[in-house]
Structure formats: C-alpha cells, structure tokens
Amino acid sequence: MTPQMDFSLIILTALVCGCGDSHQSATAIRNEGSDTMVNIAQAWAEEYNQKRQDVKVQVLGGGSGVGIASLIDGNCDMANTSRKMKPDEVKEVEEKHAAKPQEIIVGYDALAIYVHKGNPLDSISLEELADLYGENGTLTKWSELELPLGSIKNDRIVRINRQSSSGTYFYFRETVLGKGKDMKLGSVDANGSKDAVSLISRTPGAIGYSGMGYATDEVKMLLVSRRRGELGVAPTLENARNGTYPITRPLQIYVIGKPTGAVKEYLDWILSPEGQEVVLQLGYVPLETNK
Amino acid sequence: MSDYQNTRRPGIAWRGLMDRCEPLIEWAIRLCGYSAILFIFAILFFIIWESRSALFGGVNLIEFFTSTRWQPTSEVRPEYGILALIVGTVCVTALAMLFAVPLGLGAAVFISEFCSGKPKEILKIVIELLAAIPSIVWGFIGYMVLGPIIMWTTGAAVGVNMLNGSIILALMSVPIIVSVGEDSLKAVPDSFREAALSLGASRWEIVYRVLFPAAKNGLLAAVLLGVGRAIGETMAVLMCTGHAVQIPRSPLDPVRTLTATIASELGEAVSGGIHYGALFLIGLVLFVMTFAVNLAADLVVKGIRNEQ
C-alpha cells in the first residue's frame, strides 16, 4: 500500500514542481539515486539554489539502482550512485540513448562499522567481519571475541545488514567478503543507512555498517584492520583520504553523454571547492584532499 | 396553494427526465458492479504478466516453494526460495491471532452484551478510531516503544522480532474483529437471550452456551477477516519484525514476511528481470493466500444468512 503511495507522492511532487518551473521558466535538474548520497545531494541542491535562483535541483533518494533505472528511462538527468554501473546497465543506456554514460567521481565514502555505545569492543578486522557476515562464517557470539560483555545482556551478536538490493550492501559484500561470496542469511535487514544506525543505537548487542556520515552519539564507530590481531585504523577523513582505512569507496554521479548547459554548470560547481566543502561538512571525504 | 404548484412542476419534469434516463442509469450502475470483477481479473493478469520472467524459466518453482534460501542478488547463484518467508508470514499472523482473537472477541462480547448507553457508544467510536491509525504509525510504535520494552522484559537480543510484529498486527486487526464480531452477536435474536434467562442461566452461561453457538459463523468470519488484514499488512511488519530471512526458532527471533520482502526490494529490482519477476510471484502467492482467507470468510458469512 505504502510503496504505491510513495510513487504517487513522487509523481505529485514532480507534477507540482514541473508546473511551478514552467511558470517561472526556471531550469529544473532532476537528481535521483543513492540513499547514501541523498544528504549530500540535498545540501548541494539547497546551496546551489541560493547562488542560482533560476536553477532548481530536485533530489530523490531510493537507492543507486533506482537512480540508474530512472536515468535509463529518462526520468532523471543525473543519477547518484555509491557503486559503479554494471555492464548490462551501461549497455541499456547505450541502446536507449545512443550515448555512453559518463561517470563523475564527486567524493568518497568510508563505511564505518557501528556498535552500540555501551559495547566494550573497540576494534574489528575484516577477517572477523567476514566470519560474522559471510556464508559458512562461524562467529555468532560476543564472547568469542574475547572481551568483557559489559552492558550486553544477550551474548548473541545481532548482525544488522541492509536490504540485498542496496548499493551499500553490494559494496560491503564485495569489500569484506570478497568477490563471488554470499552473505549468511538470517541477518536483520535495515531498510536504509539511517535505519541501520538507529536500530544499532537501540540494540545493545548489535553490529552493523553504514556511511561515516550517519554517526550519532548513541553509537560507536570501530577501528578497522584488515587482518585479525592487527592494529585497527580509525574511520577518519584523513585515513580515508590516504587509503589506510580499508572500507572506502568513491561516490559518483552518472549522466548520459557529455554534460551540457545547466547540468554541466551544476557539476562544475559540485567539483569546485565550494561544492566539495559541502561533502566535508556532512562527514564524507571530499575530492581535493584525495588527490 | 400556488406556491405548492410552482414547486411541484419542476419535480414532475425531473421525474419525466429520470424515467427516460432510467435504462441508462441502470446500465451505469450495472457497470459499476461488474467493474469489480473486471478489476480482479485485470490485477490477476497484471501480476502474472509481470512475474512471467520468473514463472516461465527464470525460477525453479519447486525450489521457490521448498527452499529457505532467498539470495536474489547473489553473484554466485541467485536463489529464490520463499519457504522462510511463508513460514515468517504464517508464524507472525498465527501469533498475532493468538493475541487478537481473545482480545477482539472479548471486547465484542463486552460491547454487545455487558455495556450500554454512553460507555457503549464511546467504546465503539474509540475502536473505530483504532482502525484509522495508519500502519506506518503502528510501525513506529513497534520500533520505538515496543522494541525496547520487549528487550528489557524478555532479554531478547533484538527488539524487532516476531513477537513485536505479532503484537502490532494484533492491535491492528482487533478493530475489525470487534466490529464484525459485535454485529454478529447483535444479530442473535433477543428471544434466545430471554429464553435462556427464563431457564435461569447466568450471564456468562448465556454468552458461552447460547450466543457463541448461535453467532459462531459471524464470529468465525470476524476472525478470518482479521487474519486477512494481518497477512496483507506491509509497512508495520517491515518495521517491526526485524526482516531476517530465517525459520524462527522462538517468538523472539527476527523473521521476514512476504509483503515486507516485496516492499523493500521491488524499488531496486531491475524491471523485467528474474528478481523482479520473483517478487511478483510472491505477490501472486499472497494474492492466492488472501483470496483463500477472504473466500472462506465469505462462505462462512453466507452460512449465517442461510441459517437465519
């Protein structure tokens, strides 16, 4: 019932915005995709609108896949994605639009591993994460990590995962488990980055992953190392930039063909120091410092 | 007198017009009635059509119904087994009914037999109001309020689980059970109650020995309608059950339902792909399940009419 309501809401907003825009003869840019990037995209849109009142950027979330699907169907001008386009998606763009999709990297995201703030654990390795999340993994209890349980009453590790179609899920699976591996079923699948963090903040025995930008006072970010027993690296801008933090990924915007007009101007502004400042402010890793 | 004639004339003209239009109106109303049938078949056709990529070749139907592995986006081998989801839906619904049936029927008996005047009217309005609370609000209550309470009282590892979803679903289906149940109790003729009273039956004996047997079909229909509501509910269970693909071993385990799976995954499934088709196939399974429950409720209600 509710998804349909969502769709009709989107259509309604699109209609209302469409009418308003044609009336004022302002240029509209439709920007859709990744839930990880929706905060940044919204902030960019607002900031840009203050500078250029003749350009309205309309931002929708839904997921990387939704953004790409919209781009293919011609329902948006720019698709935000936290994963690379798949070959069949590229092919579909080429078939439908007779032009290649262009990828523009606009920042980086470091996936943080979150636990409840009362959890005594400070550091975890990718190996342990794979043992916890991966198929045939054997890690199921906090006591197996050899630490005092503290405020955790139930020894069972509650794995918070994401819905299996989310870009963050794909990225986590590929980076932590390795290519061609499956997640162990039975995890609690949250329906958004924010939901995952808020569920962890309510569950003392939970562990999960989300973008660095979603940290709250109620949760703790773990240091992450590649191997068991190694010293963990903190999920900071610095460490994500210099590549020592093991779970960092590029955030990109896809457009069809070479960007022109208002879209090109907007993209140029996003890549400018002013646009990159927004990325930094929201807790993501801006481009400049990465070069 | 002349005033009377003046007001009457247009009435007669209107009547004449109505007489001439009557066949037209009759047809329009008939169309409204038949359109329901048309819609049902159109929806059924649409679901089957959209699930064609899974139905014809993409998904092994035996695996679909017998495997507990739902791994639609696996790079190794995508698997579409919905057994865990069916078990999740059935368990959550059954547990919800365990709470909702005594509560709903109890409330129906109280309102219909033991309550009168103002309290009765107020209770009826409040219960109707309960039915008007949007499911997403119920979801929030389960997620924010009930979850921590369940963790605190039972020591469960996670607050969003089968028990949480069941309690929320129970609260959502109680209003239906109460209003249909109360109607069927009210339909029992007063002569039954008077006869029982004259034989010296207590109030409890009247309810238990006379009203329940007399209204059993209506009460059964009330329960079945509640079940139908519980099976089809999406948003609240998505937020409260924990959304985990597994066969639950206890009511404190997180589970996943059929509806929640469609809601969370359809948005990002590639249109026309096997995953997309499989989600519509789940829709077809749900359609059949709710159709069966509603048909059962309908036949039961029909049973009442024939008896009376």
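Residues numbered from 1 in each chain as written. Chains lettered and ligands numbered in written order. Predicted model: local features only at pLDDT ≥ 70, side-chain atom pairs only at ≥ 80, totals over all residues. Heavy atoms only, no water.

Engineer: Give me the lowdown on the overall build of chain A, citing residues and values where you can.
Structural biologist: When helices and strands are counted, chain A shows 10 helices and 11 strands. Counting the 291 residues in chain A, one finds 50% classified as buried. When the accessible surface of chain A is summed, it comes to about 12,900 Å², and 54% of that surface belongs to carbon and sulfur atoms. (Helix = DSSP H or I, 4+ residues; strand = E, 2+ residues; numbered from the N terminus. Buried < 20%, exposed > 50% of the residue type's maximum accessible area, 1.4 Å probe, protein only. Areas by Shrake-Rupley, 256 points an atom, 1.4 Å probe, with all protein chains shown as cover.)

Engineer: So what's going on with the overall build of chain B? Residues and values would help.
Structural biologist: A count of helical and extended segments in chain B gives 13 helices and 2 strands. Put simply, of all contacts in chain B between residues at least 6 apart along the chain, 71% involve residues at least 24 apart. Working note: accessible area of chain B is about 16,300 Å², and carbon and sulfur atoms make up 70% of it. With 21 positive and 22 negative side-chain charges, chain B shows a spacing of 5 Å between the two charge centroids. (Contact = heavy atoms within 4.5 Å. Lys, Arg positive; Asp, Glu negative; His and termini not counted. Charge placed at Lys NZ, Arg CZ, Asp CG, Glu CD.)

Engineer: Give a detailed account of the packing of helix 5 (residues 126-133) of chain A against helix 6 (residues 167-177) of chain A, specifying residues and quantitative values.
Structural biologist: Two quantities define a packed helix pair, namely the angle between the helix axes and the distance between the axes. Residue and element names in this part refer to chain A. One can describe the packing of helix 5 onto helix 6 by two numbers: an axis separation of 9 Å at closest approach and a directional angle of 120 degrees. The pairing of helix 5 with helix 6 is recorded here as oblique in orientation. Facing helix 5, whose interface residues are L126, L129, A130 and Y133, helix 6 presents F172, T175, V176 and L177. Counted by class, the contact of helix 5 with helix 6 contains 7 nonpolar, 1 polar and no charged residues. (Axes fitted to C-alpha atoms, helices over the stretch in contact; angles between N-to-C directions. Parallel < 35°, antiparallel > 145°, perpendicular 65-115°, else oblique. Nonpolar A, V, L, I, M, F, W, Y, C, P; charged D, E, K, R; others polar.)

Engineer: Hey, could you go over the interface of chain B and chain A for me, with residue numbers and the actual values?
Structural biologist: The partner chain A presents 35 residues to the 33 residues of chain B that form the contact. Approximately 2,900 Å² of surface area, both sides summed, lies buried where chain B meets chain A, with 49% of it carried by carbon and sulfur atoms. At the junction of chain B and chain A, the tally comes to 3 salt bridges. A salt bridge links A:E135 to B:R69; the nearest nitrogen and oxygen atoms lie 2.7 Å apart. Secondary-structure elements contributing two or more residues to the side of chain B that touches chain A are strand 1 (70-71), helix 6 (135-154), helix 11 (235-240) and helix 12 (258-265) of chain B. With 4 residues, helix 6 of chain B is the single largest residue contributor to the side of chain B that touches chain A. Per-class residue counts for the side of chain B that touches chain A are 16 nonpolar, 11 polar and 6 charged. (Buried area = accessible area lost by both parts, 1.4 Å probe. Salt bridge = Lys/Arg side-chain N within 4 Å of Asp/Glu carboxyl O.)

Engineer: Tell me about the domain arrangement of chain A, and please be specific about residues and values.
Structural biologist: Residue and element names in this part refer to chain A. Looking at chain A, the domain boundaries give domain 1 (20-108 + 252-289) and domain 2 (110-242). Domain 1 puts 15 residues into the contact, and the matching count from domain 2 is 11 residues. Between domain 1 and domain 2 lies a buried interface of about 1,000 Å² when both sides are counted; carbon and sulfur atoms form 55% of it. The interface formed by domain 1 and domain 2 contains 0 salt bridges. Split by residue class, the side of domain 1 that touches domain 2 holds 6 nonpolar, 6 polar and 3 charged. (Domains from an automatic or database assignment.)

Engineer: I'd love a proper account of helix 4 (residues 83-114) of chain B, names of residues and values included.
Structural biologist: Over its 32 residues, helix 4 of chain B extends 44 Å from the first C-alpha to the last, a length consistent with the 46 Å expected when each residue adds 1.5 Å. When the local axis directions of helix 4 of chain B are compared, the greatest deviation, roughly 30 degrees, occurs at B:A100, which is followed within four positions by the proline B:P102. (Expected span 1.5 Å × (residues − 1). Bend = angle between axes of the 7 residues up to and from the residue.)

Engineer: I'd like a rundown of the nonpolar core, residues and numbers included.
Structural biologist: Core analysis: the biggest nonpolar cluster contains 76 residues, and A:W44, A:I113, A:I207 and A:Y266 have the highest contact counts within it. At 9 residues, strand 4 (residues 101-116) of chain A tops the list of elements feeding residues into this core. Judged by nonpolar contacts, the second largest core, of 74 residues, contains B:L85, B:V109, B:V188 and B:L238. (Core = buried A, V, L, I, M, F, W, Y, C linked by side-chain atoms within 4.5 Å.)

Engineer: Lay out the pattern of salt bridges with the relevant residues and their values.
Structural biologist: All names here are of chain A. The final tally for this structure, using the stated rule, is 29 salt bridges over all chains. Between D54 and R52 there is a salt bridge, with its nearest N and O atoms 3.2 Å apart. Using a relative accessible area of 37% as the deciding quantity, one classes D54 as partly exposed. By relative accessible area, R52 is classed as partly exposed at 26%.

Engineer: Could you give me a rundown of the domain arrangement of chain B, with the residues and numbers involved?
Structural biologist: Residues and elements named next belong to chain B. The assigned domain composition of chain B is domain 1 (3-50) and domain 2 (63-307). Taking only C-alpha atoms, the centre of domain 1 and the centre of domain 2 are 36 Å apart. Taken together, the contact between domain 1 and domain 2 spans 7 residues of the former and 6 residues of the latter. For domain 1, the biggest contributors to the area lost against domain 2 are L44, I47 and E50; these three give 73% of the whole. The interface formed by domain 1 and domain 2 includes 0 salt bridges. Linking domain 1 to domain 2 there are 1 residue pair in polar contact (both at pLDDT 80 or more). Its residues placed into classes, the side of domain 1 that touches domain 2 shows 6 nonpolar, no polar and 1 charged. (Polar contact = N/O pair within 3.5 Å; in protein donor to acceptor, adjacent residues only side chain to side chain.)

Engineer: So what's going on with the packing of aromatic side chains? Residues and values would help.
Structural biologist: When we look at a pair of aromatic rings, we describe it by the centre distance and by the angle of the planes. In this structure the tally under the stated criterion is 14 aromatic pairs over all chains. Between the aromatic rings of A:Y48 and A:Y266, the centroid separation amounts to 4.8 Å while the plane-to-plane angle is 55 degrees, which identifies the pairing as tilted. Separated by 218 residues along the polypeptide, A:Y48 in helix 2 (residues 38-51) and A:Y266 in helix 9 (residues 261-271) bring together distant segments of the chain. Of the residues examined, A:Y48 reaches a relative accessible area of 3% and is grouped as buried. Taking 5.1 Å as the distance between ring centres and 85 degrees as the angle between the ring planes, the aromatic pair formed by B:F64 and B:F65 counts as edge-to-face. Owing to a relative accessible area of 39%, B:F65 belongs among the partly exposed residues under this scheme. Taken together, the aromatic side chains of A:Y48, A:Y266 and A:W269 make up a single cluster linked through ring pairs. Across the ring face of B:W27, the terminal group of B:R30 is positioned such that the distance to the ring centre comes to 5.0 Å. (Phe/Tyr/Trp six-rings, centres within 6.5 Å; stacked < 30°, edge-to-face > 60°. Lys NZ or Arg CZ within 6 Å of the ring centre and 35° of its normal.)

Engineer: So what's going on with the environment of A:P101? Residues and values would help.
Structural biologist: Residues and elements named next belong to chain A. Its location among the elements puts P101 in strand 4. Separated by 156 residues in the primary sequence, P101 and G257 place their C-alpha atoms 5.6 Å from one another. With residues near it in sequence (within four places) discarded, P101 still touches M85, V90, V93, E94, Y254, V255 and I256.

Engineer: Requested: an account of the side chain of A:D109, with residues and values cited.
Structural biologist: All names here are of chain A. For D109, the location among the structural elements is in strand 4. The buried category is assigned to D109, whose relative accessible area is 0%. In this structure D109 touches T36, G211, M212, I247, T248, R249, L251 and Y284, once residues within four positions along its chain are discounted.

Engineer: Account for unusual backbone geometry, naming residues and giving values.
Structural biologist: Residue A:A98 is not a glycine yet carries a positive backbone phi of 55 degrees. Locating A:A98 in the fold gives a position in the loop between helix 4 (87-97) and strand 4. On the basis of relative accessible area, A:A98 is assigned to the exposed category, the value being 73%. In this structure, B:H243 takes a positive phi of about 55 degrees despite not being glycine. Mapped onto the elements, B:H243 comes out in the loop between helix 11 and helix 12. Given the relative accessible area of 0%, B:H243 is considered buried.

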